[in-house]
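The residues making up each chain are set out below.
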Amino acid sequence: MNAPYPVRNFDAAAPPLHVLVIGGGVGGLALAQGLKREGVSAAVYERERSLASRLQGYRVHISPGGSRALHECLTPHLFDAFDRTCGKPGRSFRFMTEQMKPLLTLDASMISNDDPIARHRSVSRITLRQVLMAELADLHLGKTFVRYEERDGRVIAHFDDGSSAEGDILVAADGSGSRVRRQFLPDAPLIDTGVAAISGKVFLDEAGERLAPRLRDGMCLVAGRDGTGLFVALQDVVAADGAIGANEPGTEASGAVFENTRSYVMWGLGAKRDRLVGLDANEHDPAKLGAVAQRTVAGWAPAFRDLIALADPTTLSQFSIRTSAPVAPWPTGRVTLIGDAIHAMTPYRGIGANMALEDAVRLTRALVAAARGERDLFDAIGAYEDAMRDYAFRAVRNSLNAMNGAVDAGAMRLTLQRLMFRAIDRLPALKRWMGSRMGRD
Ligand SMILES: Cc1cc2nc3c(=O)[nH]c(=O)nc-3n(C[C@H](O)[C@H](O)[C@H](O)COP(=O)(O)OP(=O)(O)OC[C@H]3O[C@@H](n4cnc5c(N)ncnc54)[C@H](O)[C@@H]3O)c2cc1C
């Protein structure tokens with residue numbers, strides 16, 4: 001049993017700082033946890049009424065940097081809960097052709113390490129949110145932010161139910177469609193890449209035996225000659241702790257939507273929209289999504305066709321892949337932004353959530369320093385914003401390049417890429433170098 005983490009005290013004479021966090025996703029919740037841990041008052045406003053209001057059960061890759069950020073924001077026992085509910089590490093990372101010819105196979109040990117804190121992890125998104133929501137008393141579900149206003153040195157958030165909340169700082173953590181960003185930085189673009197993805201899960205207890213072993217031992221990436229990219233990842237759940245928080249009030253849902261107790265292989269099939277023939281942007285009917293995905297891989301190796309066909313229909317979803325463009329510095333004030341609200345990126349590097357966590361930990365440090373009177377509030381926020389624009393938009397660029405390499409790369413680029421992968425596969429030193437480079441993300 002862990003002792004409760006001691007809340008640190010700071011100058012009682014300093015005016016208390018109250019932070020409004022709009023959005024209870026990965027970034028907003030980590031920020032709230034970090035502030036709580038340091039004794040700074042923060043309230044989170046999340047539009048969803050419960051954790052299970054929508055399908056969001058896919059696994060999320062947490063990098064060493066993301067793990068470090070979580071370790072700093074969470075109390076030790078919550079970090080421990082996060083750690084225990086992560087999936088077991090996979091054994092390999094494979095690059096293959098659409099005909100399932102191996103190009104490059106990296107042993108997982110080349111990419112990750114066994115550092116107790118800063119290592120690669122794979123966690124169910126819903127489980128991560130359960131851990132991040134735990135013990136946050138000032139968390140308001142079912143609160144949809146509409147607009148903010150600044151008045152008398154305070155910032156006021158208005159919600160669609162007519163209520164409002166007042167604080168010193170308002171943090172936009174409301175994801176890629178951020179309403180806060182639309183008001184605060186109306187010119188900051190959210191760009192549709194023209195690429196769409198269909199995702200699904202194959203539960204190992206139902207259909208696992210019918211999956212090719214190479215598709216259930218870690219991760220796999222395919223950049224197909226037909227312009228389609230496929231990402232496959234194992235989420236090997238540690239069952240005993242997977243049910244953490246399952247009794248959280250309001251989360252009565254079960255099955256695939258509220259899924260964090262069954263191991264699965266997830267896949268994401270991405271292509272320019274016109275290649276996903278028959279896919280309407282508003283289509284959510286699983287039968288239709290499944291049919292489009294199966295048609296798209298009709299010419300692929302049978303094991304890939306099986307992977308797509310075996311997905312549990314209730315887990316199929318589609319989404320448009322969006323990215324953002326660097327934003328010029330803005331005058332620092334009472335409104336700031338973290339995560340996808342300011343730097344949405346394609347999921348092709350699996351680092352968007354990690355960037356949101358990095359933002360959360362850095363903004364926590366800035367606000368804590370200001371709350372303690374160690375630093376001017378706006379200097380501290382401004383320094384966070386300067387650094388964030390640099391590292392986060394670098395990640396945006398890298399994620400876009402990764403998408404362009406996987407989807408519609410062009411015959412020449414693909415041929416070179418495949419030659420390079422095959423060459424690296426034969427050279428152990430180069431393989432180790434590539435593994436350690438990938439391990440840095
Ligand atoms: C298929 C897919 C796979 C991915 N895999 C990975 C991965 O493996 N690793 C990784 O690092 N990243 C991954 N990402 C990216 C990652 O999911 C995002 O970058 C990350 O969730 C961003 O966190 P956030 O807190 O900024 O936003 P979000 O997690 O999107 O949270 C925003 C929150 O704000 C709430 N909200 C929105 N509008 C309002 C409003 N008006 N009022 C109140 N609340 C509101 C939303 O309901 C939501 O809860 C993936 C993305 C996708 C699409």
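Before reading on, note that the structure itself is shown above.
A brief structural summary. Only a predicted model underlies this, so the values are computations on that prediction, with no experimental measurement involved.

### Thoughts on the pattern of salt bridges
Taken as a whole, this structure holds 22 salt bridges when the rule is applied. In this structure, the salt-bridge partner of Glu-358 is Arg-362, at a minimum N-O distance of 2.8 Å. Placement of the pair is Glu-358 and Arg-362 together in helix 12 (residues 352-371), with a separation of four residues, close to one helical turn. Given the relative accessible area of 30%, Arg-362 is considered partly exposed. Among the ionic contacts, a cluster of salt bridges with common partners joins Glu-46, Glu-48 and Arg-129.

### Observations regarding the site of the ligand
Close to the ligand lie 29 residues, the nearest being Gly-27, Glu-46, His-61, Arg-125 and Asp-340. Between an oxygen atom of the ligand and a side-chain N or O atom of Arg-47, the distance comes to 3.1 Å. At 2.9 Å, a backbone N or O of Phe-145 approaches a nitrogen atom of the ligand. In the complex, the protein chains occlude 87% of the 1,000 Å² of accessible area that the ligand would expose alone.

### Remarks on helix 1 (residues 26-37)
Counted at 1.5 Å a residue, the expected span for helix 1 with its twelve residues is 16 Å, and the 16 Å between its end C-alpha atoms agrees. Here helix 1 lies mainly inside the structure; eleven of its twelve residues are buried. All of the buried residues along helix 1 are Val-26, Gly-27, Gly-28, Leu-29, Ala-30, Leu-31, Ala-32, Gln-33, Gly-34, Leu-35 and Arg-37. In the stretch just after helix 1, Gly-39 is the one whose phi turns positive, near 80°.

### Remarks on the sheet that holds strand 10 (residues 164-167)
Within a beta sheet, neighbouring strands are joined by backbone hydrogen bonds and run either parallel or antiparallel to one another. If you trace the three strands from one edge of the open sheet to the other, you get 8-9-10, paired in antiparallel fashion. Of all the strands in the sheet, the pair left with one neighbour each is strand 8 (145-151) and strand 10. Averaged over all adjacent pairs, the angle separating strand axes in this sheet is 20°, with direction ignored. Bridge count between strand 8 and strand 9 (residues 154-159): six bridges; the pairing is antiparallel. Bridge pairing links Glu-149 to Ile-156 in strand 9.

Definitions and limits used
Residues numbered from 1 in each chain as written. Predicted model: local features only at pLDDT ≥ 70, side-chain atom pairs only at ≥ 80, totals over all residues. Heavy atoms only, no water. Salt bridge = Lys/Arg side-chain N within 4 Å of Asp/Glu carboxyl O. Helix = DSSP H or I, 4+ residues; strand = E, 2+ residues; numbered from the N terminus. Buried < 20%, exposed > 50% of the residue type's maximum accessible area, 1.4 Å probe, protein only. Near = heavy atom within 4 Å. Polar contact = N/O pair within 3.5 Å; in protein donor to acceptor, adjacent residues only side chain to side chain. Areas by Shrake-Rupley, 256 points an atom, 1.4 Å probe, with all protein chains shown as cover. Expected span 1.5 Å × (residues − 1). Pairing = 2+ DSSP bridges. Axes fitted to C-alpha atoms, helices over the stretch in contact; angles between N-to-C directions.

Any functional reading would require information beyond the geometric quantities listed.
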